[in-house]
Amino acid sequence: MEYSLYKKDGKFPCDVTVDYDNMVFTVRDSDTTGEVFNSASEVAHWIKQHWSVEQFQRPDDYYDLLKHLENSLEDETK
């Protein structure tokens, strides 16, 4: 899963990658700083701590991202 969303204050997209096949779990913020994680659950935790719906141009994109992450976490535990 790769996801891009735009913050209100940034010109670059925020990118989230959750790739179980290649074990890639990353977040890149609108200021181009990035984080690398060991699991989708760590990505979800980071996003919930550092981002909020009010920061994004399209709030539905943020909610869609969280929904996809929750689905990935359910698949991870199966």
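Scroll up to find the structure this text is about.
My aim in this report is to walk through the structure given alongside it, one point at a time. Every value quoted in this text rests on a predicted model; they were computed, and no experiment measured them.

Reading the values: rules and limits
- Residues numbered from 1 in each chain as written.
- Predicted model: local features only at pLDDT ≥ 70, side-chain atom pairs only at ≥ 80, totals over all residues.
- Heavy atoms only, no water.
- Salt bridge = Lys/Arg side-chain N within 4 Å of Asp/Glu carboxyl O.
- Helix = DSSP H or I, 4+ residues; strand = E, 2+ residues; numbered from the N terminus.
- Phe/Tyr/Trp six-rings, centres within 6.5 Å; stacked < 30°, edge-to-face > 60°.
- Buried < 20%, exposed > 50% of the residue type's maximum accessible area, 1.4 Å probe, protein only.

**Some remarks on the pattern of salt bridges**
And step 1. What the rule picks out here adds up to three salt bridges.
And step 2. Notably, a salt bridge pairs K7 with D29, separated by 2.9 Å at the nearest N-O pair. Remark: D29 occurs in the loop between strand 3 (24-28) and strand 4 (34-37) and K7 occurs in the loop between strand 1 (2-5) and strand 2 (14-19); sequence separation between them is 22 residues.
And step 3. Here D15 makes a salt bridge to R28, at a shortest N to O gap of 2.8 Å. Of this pair, D15 sits in strand 2 while R28 sits in strand 3, and the two are 13 residues apart along the sequence.

**A look at the packing of aromatic side chains**
And step 1. All told, the structure shown has six aromatic pairs when counted by the stated rule.
And step 2. Pairing F56 with Y62 gives two aromatic rings, centres 5.5 Å apart and planes at 20°, and the pair type is stacked.
And step 3. The class of Y62 is buried, set by a relative accessible area of 6%.
And step 4. Ring centres of Y62 and Y63 lie 6.0 Å apart, and the angle between their planes is 65°; this geometry places the pair in the edge-to-face category.
And step 5. With relative accessibility at 46%, the residue Y63 sits in the partly exposed group.

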